Amino acid sequence: WIETRAFNRVAVDSLVRCVQRLNGQKSFYVGLVIATKRAPRPYRLGKKLVEMSLQLRTSVGTRLAGLDTLSNDAPSEAELQRFKVPLNPVHMRKHMRKVQAAMSEHAEKFDEQDLLRRAEEEERLRRGREAGGGPPPARP
């Protein structure tokens, strides 16, 4: 989906939660996507080689973040408290409608990704049963 023109329309003005690793410790922060940019160098995102990064406005300024730093979890209350960028509620509601429309327009891509993820999970479980005689331990 990141290879479609709709990705840029949807990504810009979205709030995202990212992870930053410092000295082996993970810390999370919230950023407002202000643009999509070409990454300084390609990096792996799953099995794909990606050259896109997000330009974020954070509480300490702007920074580039790779798509591999995005978190699937919603930001915590403390992370939102640290995010001190003013947001226009009317603009954000309009953006949410745009995101929902783009997601429904490209629903088949999300369905394909979900089906692929499920098939990979079932294959992993099958291999685990064959190798150890039982199901592998659940992932946290």
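The model shown is predicted, which means the values in this text are computed figures rather than measured ones. In this numbering scheme, every chain counts its residues from 1 along its sequence in written order. In view of the model being predicted, local features appear only for residues whose pLDDT reaches at least 70, and side-chain atom pairs are presented and counted only at 80 or more, with totals across whole chains, interfaces and linings using the full set of residues. Remark: hydrogens and water are excluded; side-chain values derive from all non-hydrogen atoms of the structure.

A.B. asks: Would you mind going over the overall build of the chain with me for this structure?
C.D. replies: Helix and strand definitions follow DSSP, with helices as H or I runs of at least four residues and strands as E runs of at least two, each counted in order from the N terminus. Secondary structure assignment for the chain yields four helices and four strands. Across the chain, helices and strands are ordered from the amino to the carboxyl terminus as α-β-β-β-β-α-α-α. Looking at the 140 residues of the chain, the share that counts as buried comes to 28%. Within the chain, contacts between residues separated by at least 24 positions form 48% of all contacts whose residues are at least 6 apart in sequence. Accessibility here uses a 1.4 Å probe with only protein chains present; expressed as a share of the type maximum, an area under 20% marks a residue as buried, one over 50% as exposed, and anything in between as partly exposed. Two residues form a contact once any of their heavy atoms are found within 4.5 Å.

A.B. asks: Teacher, can you tell me more about unusual backbone geometry here?
C.D. replies: Backbone geometry places Asp 13, a non-glycine residue, at a positive phi of 80°. With respect to the secondary-structure elements, Asp 13 resides in the loop between helix H1 (5-11) and strand S1 (15-22). The buried category is assigned to Asp 13, whose relative accessible area is 19%. At Asn 23, a position not held by glycine, the phi torsion is positive, near 55°. Here Asn 23 lies in the loop between S1 and strand S2 (25-45).

A.B. asks: What exactly am I supposed to notice about a positive patch on the surface here?
C.D. replies: Together, Arg 5, Arg 9, Arg 93, Lys 94, Arg 97 and Lys 98 line one region of the surface with positive charge. At the level of elements, H1 and helix H3 (89-105) are the ones that each hand at least two residues to the positive patch. Broken down by element, the positive patch gets its largest block of residues, four residues, from H3. In this analysis, a patch consists of residues with relative accessible area above 30% that form no salt bridge, clustered at 9 Å for like charges and at 5 Å for the nonpolar side chains Val, Leu, Ile, Met, Phe, Trp and Tyr. Accessible areas in this description were obtained via Shrake-Rupley with a 1.4 Å probe; residue shielding takes into account the shown protein chains only. Put simply, a salt bridge is a Lys or Arg side-chain nitrogen that is within 4 Å of an Asp or Glu carboxyl oxygen. For the purpose of counting charges, residues Lys and Arg are taken to be positive, whereas Asp and Glu are taken to be negative. His and the chain ends are not included. The location of each charge is read from NZ of Lys, CZ of Arg, CG of Asp or CD of Glu.

A.B. asks: What am I meant to see in the packing of aromatic side chains here?
C.D. replies: Aromatic ring pairs are described here by two measures, namely the spacing of the ring centres and the angle between the planes. Any two of the Phe, Tyr and Trp rings considered here, Trp counted by its six-membered ring, make a pair once their centres fall within 6.5 Å; the pair's planes then place it as stacked at under 30 degrees, edge-to-face at over 60, or tilted in between. Overall, the coordinates contain zero aromatic pairs when judged by the stated rule. If you follow Arg 17 out to its NZ or CZ, it ends over the ring of Phe 28, 3.7 Å from the centre. Cation placement over rings: the criterion is NZ of Lys or CZ of Arg within 6 Å of the ring centroid and within 35° of the ring normal. Directly above the ring of Tyr 29 sits Arg 63, whose terminal nitrogen or CZ lies 4.4 Å from the centroid.

A.B. asks: How do you make sense of the sheet that holds S1 when you look at a structure like this?
C.D. replies: Read across the open sheet, the four strands follow the order S1-S2-S3-S4; overall the sheet is antiparallel. Each of the sheet's edge strands pairs with one partner strand only, and the pair in question is S1 and strand S4 (61-66). Direction aside, the axes of adjacent strands within the sheet are offset by 50° on average. Judged from the nine bridges that link them, S2 and strand S3 (residues 48-58) form a sheet pairing that is antiparallel. Bridging across to S3, Leu 45 finds its partner in Lys 48. Between any two strands, at least two bridges found by DSSP are needed for them to pair. Interaxial angles span 0 to 180 degrees and are taken between N-to-C directions of axes, which are lines fitted to C-alpha atoms, for helices over the stretch in contact.

A.B. asks: What exactly am I supposed to notice about the pattern of salt bridges here?
C.D. replies: Counted under the stated rule, the structure contains three salt bridges. Where Arg 17 meets Asp 73, a salt bridge forms, and the shortest distance between an N and an O atom there is 3.9 Å. Highlighted residues: Arg 17 in strand S1 and Asp 73 in the loop between S4 and helix H2 (77-82), separated in sequence by 56 residues. On the basis of relative accessible area, Asp 73 is assigned to the exposed category, the value being 51%.

A.B. asks: Is there a simple way to think about the pairing of S1 in this case?
C.D. replies: Both faces of the sheet carry side chains from a regular strand, because those side chains alternate between them. Taken together, the eight bridges between S1 and S2 define a ladder with antiparallel strand orientation. Paired with Arg 21 across the two strands is Lys 26, which belongs to S2. Linking S1 back to S2 in an antiparallel pair, the connection comprises two residues, with Asn 23 at a positive phi of about 55°.

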